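What follows is the residue order along each chain.
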Amino acid sequence: MKVELQQIDKHFGSVHANDHITMTIPAGTIQGILGENGAGKSTLMKILSGFIQADSGVIKLDGKKVVIHTPDQAIHHGIGMLHQDPLDFPPMRVVDNLVVGSPGGLVPNKKEAIAALKKLQERFGFQIDPDAYVETLTVGERQQLEILRLLWLGARVLILDEPTTGISASQRLKLFDTLRKLAADGMTVIFVSHKLEEVEVLCHRIAVFQRGRMVGEAKPPYVTTKLVEMMFGKAITLDERAPCATCDPVLKVEHLEVEDTRLHICDINLEVCRGEVIGLAGMEGSGQRMFLRTLAGLTRPVGGKVIVHDKTLTGKTYASFRKAGVTYVPASRLEEGLISGLSLTEHFILAREQKGFIINRDAAVKETEENIDQFFIRGKPETHVEALSGGNQQRALLALQRQDVDVLLIEHPTRGLDIESSIWIWSKLKARCQLGATIVFISSDLEELLHYSDRILVFFGGKVSEPLDAGTTTVDQLGQLIGGLGMKS
Amino acid sequence: MDNNILVGLAGVLAAAAPVVFAAIGETFTERAGIINLSVNGTILLSAMAGFATSLVTNNLILGFLVGAIIGALVALLVAFSSITLKQSQVAVGFVLTLMTRDLAYFLGNSFMGQAGPRIPPLNIPLLQDIPILGTLFFKQDIIVYTSFILIVVSQWWIFSTRQGLLLQGIGERPAAAFVRGANVNKLRYLYTMLGGALVGLAGPMFSLSVKAGWKGTISGLDGIGWIALAITIFGGWNPVRVALGAYLFALLQWLGLVLQPSLPNIPSQVLQVAPFPLMILTLLLVNIGNAEWVERWLAGMPAPLRRVVAKVLRAMRTSPPASLGVPFENE
Ligand SMILES: Nc1ncnc2c1ncn2[C@@H]1O[C@H](COP(=O)(O)OP(=O)(O)OP(=O)(O)O)[C@@H](O)[C@H]1O
Ligand SMILES: [Mg+2]
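The shown structure was predicted, so the numbers you read here are calculated from the model rather than taken from an experiment. Position labels on residues start from 1 in each chain and follow its written sequence. All chains are assigned letters beginning with A, and all ligands numbers beginning with 1, in the order in which they are written. Only residues with pLDDT of at least 70 get local features here, since the model is predicted, and only at 80 or more are side-chain atom pairs given and counted; chain-wide, interface and lining totals rely on the full set of residues. As a convention, hydrogens and water are excluded, and side-chain values are obtained from all of the structure's heavy atoms.

## Concerning a negative patch on the surface
All names here are of chain A. The residues that make up patches have over 30% relative accessible area and no salt bridge, and they are joined within 9 Å when like-charged or within 5 Å when they are Val, Leu, Ile, Met, Phe, Trp or Tyr. Surface accessibility in these figures is a Shrake-Rupley result with a 1.4 Å probe; residues are shielded only by whichever protein chains are displayed. Basic side-chain nitrogens of Lys or Arg form a salt bridge, by our definition, when they fall within 4 Å of a carboxyl oxygen of Asp or Glu. In this count, Lys and Arg are taken as positive residues and Asp and Glu as negative ones, while His and the chain termini are left out. To locate a charge, take atom NZ for lysine, CZ for arginine, CG for aspartate or CD for glutamate. A cluster of acidic residues, Glu369, Glu370, Asp373 and Glu382, forms a negative patch on the protein surface. Secondary-structure assignment places glutamate 369 in helix H13 (residues 361–374). Categorising residues by exposure relies on relative accessible area from a 1.4 Å probe, with only protein chains included: less than 20% of the type maximum marks a residue as buried, more than 50% marks it as exposed, and the intermediate range marks it as partly exposed. For glutamate 369, a relative accessible area of 40% gives the class partly exposed. Helix and strand assignments follow DSSP, with helices taken as H or I runs no shorter than four residues and strands as E runs no shorter than two, numbered in order from the N terminus.

## A look at the packing of aromatic side chains
Aromatic pairing here means that ring centres of Phe, Tyr or Trp (its six-membered ring) are within 6.5 Å. Orientation follows from the plane angle: under 30 degrees is stacked, over 60 is edge-to-face, and everything else is tilted. Scanning the model with the defined rule gives 16 aromatic pairs over all chains in all. Summarising the aromatic geometry, the rings of A:Phe51 and B:Phe178 are spaced 5.4 Å apart at their centres and angled 80 degrees between planes, so their arrangement reads as edge-to-face. Taken together, the residues span two chains, with A:Phe51 in the loop between helix H1 (41–48) and strand E4 (56–61) and B:Phe178 in helix H8 (residues 174–179). One exposure class covers both A:Phe51 and B:Phe178, and it is buried. Relative to B:Phe328, the ring of B:Phe178 has its centre 5.8 Å away and its plane inclined at 55 degrees; by these criteria the two rings are tilted.

## What to know about the packing of helix H4 (residues 110–124) of chain A against helix H5 (residues 139–152) of chain A
All names here are of chain A. Packing of H4 against H5 brings their axes to within 10 Å, and their N-to-C directions diverge by 115 degrees. With respect to each other, H4 and H5 are oriented roughly perpendicular. Judged by the sense of rotation from one axis to the other, the crossing of H4 with H5 is right-handed. When H4 is examined against H5, the residues Ala113, Ala116, Leu117, Leu120, Gln121 and Phe124 are found in contact with a partner set consisting of Leu145, Leu148, Leu151 and Trp152. Classification convention: Asp, Glu, Lys, Arg as charged; Ala, Val, Leu, Ile, Met, Phe, Trp, Tyr, Cys, Pro as nonpolar; all other residues, Gly among them, as polar. For the contact of H4 with H5, the per-class residue count stands at nine nonpolar, one polar and no charged. An axis is simply a line fitted to the C-alpha atoms; with a helix, the fit covers only the stretch in contact. Between two such axes, the angle follows the N-to-C directions and lies from 0 to 180 degrees. Any angle that falls under 35 degrees is termed roughly parallel, while one over 145 is termed roughly antiparallel, one within 65 to 115 roughly perpendicular, and all others oblique. In this scheme the handedness of a crossing depends on how the near helix is turned from the far one: anticlockwise by less than a right angle means left-handed, clockwise means right-handed. Whether two residues are in contact is decided by their heavy atoms: any pair within 4.5 Å suffices.

## Looking at the packing of helix H14 (residues 390–400) of chain A against helix H15 (residues 419–434) of chain A
Residues and elements named next belong to chain A. With their axes 11 Å apart at the nearest point, H14 and H15 run at an angle of 10 degrees to one another. Here H14 lies roughly parallel to H15, going by the angle between them. Residues Gln394, Arg395 and Leu398 of H14 pack against Ser421, Trp424, Ile425, Leu429 and Arg432 of H15. In terms of residue class, the contact of H14 with H15 is made up of four nonpolar, two polar and two charged.

Written out as structure tokens, the structure reads:
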């Protein structure tokens, strides 16, 4: 289906999120959309899919003007959107998720739904058990389920907003295959991402957004440096990796044993040096998060020891770990890291432990302003955190961390960030390593793992690999280990 | 089985019927993501008003109708202030529960202690002759039969119908329900009022049957609404389990009465009040598995014991609809 957007305009208060955007996407095309954090990509996609409404502008499908007020109407017109995190119901079964909101009588025909699901799964080579609970699926599978659901409902335009954050490499390849198949069948696919290499291999054409405006379009063959320049108005390069010299152990893990309802991992041994960066790789839910939370004292191990600076802290609470210099930065920014409804200033007041009983607002505002400048946060001291774009939330979260930490535990430090922000965040993190901090982080981005870690631990099926030297490992090797190939049993 | 015990147990089923209504009503409301804390006051007010209406008009059905309408109207206030005005559901519910309670005592003064109409028993032919089951289930009144039907229908509605799945959705993740075409706030209004109407029916069920009459502050109804709220949690927002909770509570109350003569040393008040803290204790058992310190404590146990305890706790554990009490906006 041919999609035409004409003069789409949207304000959020004083923020001009979409500034008269006009673009045409022919049927059978995979359209890539690139742009820095806060450029207005998600806003435009939400307008097209009926989640929010434009202030003005026209949407045409196959040349006919349509009015879309709700996501429901959008799907009636054949437009389906996959949101940044899958909008599904974790405690419900897969079939129930499928039938919620589908048209039909009072009692849904689950057999029919299961049959339809099977047929679609065969076409794309997915394997999701219709009776499984959604919360037991990986992010990648939940995404597959959403795609199938939208196709089942008759979507002919599929919008994907940063679909590759949080899914494994093999799931990503499968996703790309699926999207190509769909495009070959005449569907229109809109693919929003920060990962240039993905957009380049997948998309038939690319539009670049900057500060609410569409600033350029590109067709293959793409020139990466040109795209980057279009996005940020300047060239950007990765800095060189600098391995650390001698080892002065800060964090030690001995015969650690962790367990939750699904997973049991025994005998993890690790010694992390001062200034070292350790990457934790693996498919979502392979235990790397549980391990990281154990290092922070948020989860108690069922066996073994965690030693920070020669002090055994096994079984102690997060407060004791914090006192020993450990800080934990969670992935779910709005659920665990930041507090919805509070402004940036209020966050700094909470994080910085002012002296005295009464809050010194002026000092807090001043400090917030300094941090906004220093961390390039696009927002004001009084901005509520939930109104920041994803990238800016991550910057704020980092700005809030204490400066005097020895061990920094981070989940997905750059998930959802544009390249400039990612590089910038890592430059900040690396600067801390220079000052002697140690970083352990989880990521599903292989490039990030290989580029920024000194050593990598791979988690697969309840097992943990020996630490790999990131300097001598290739993307392919790492991808295979994550998929369970070559993992010794 | 001893016939006395059988009749006593049948009485437990009957006494629990209003609590079943109230707790299942609250289950619908909370499944939609709204907490209606006014249950206690609503039951009192609708009990008084239902009784007064039936007394004056000599019409039982009108009494129930008035009860349901009061419940729905109070719920409408909760819905309006929390969904439309975005006020705190807890604060509004709390104020309403106090207000309706005082209103019930104040307006009910002139009907105090009067003898009024009450629901007649209705034995079901043939079925009542089945040994044991006949006495337990089929020599009751229409209210009790209706409560059985309510349990089955609401279980079916929530878990088997398209509408019920959507109901689960709006309480769990309203944004996801919204993209699936649900008018989240309209549905929340609807289910809050439906739930409120069911709570409102519990009032006349007391005053026209289970504890017939209106005796003001000594009606013995004050507190039941709070128990209904606790039972909703105990039941994990699942009508069948909720009903079991209601029966457990009624059973405890009955035991208090039966045991009283054989335990002369214990003041009668203790036995009367005991079911309330006991219900709270069961609640503790249900939810203790969610506590972080329990997890820590578990991790320190030897492996085989840990597995068993973890399994038991998991089986009992319930978790609320994820968006309970959270207002929904789609921007
Ligand atoms: N609900 C909202 N209320 C206020 N401002 C908003 C809201 N949603 C988005 N914005 C603002 O609009 C701008 C565009 O945001 P949008 O989410 O479209 O960016 P994006 O290109 O998707 O960025 P990212 O790559 O970080 O996801 C940002 O400045 C953001 O702060
Ligand atoms: Mg976005």
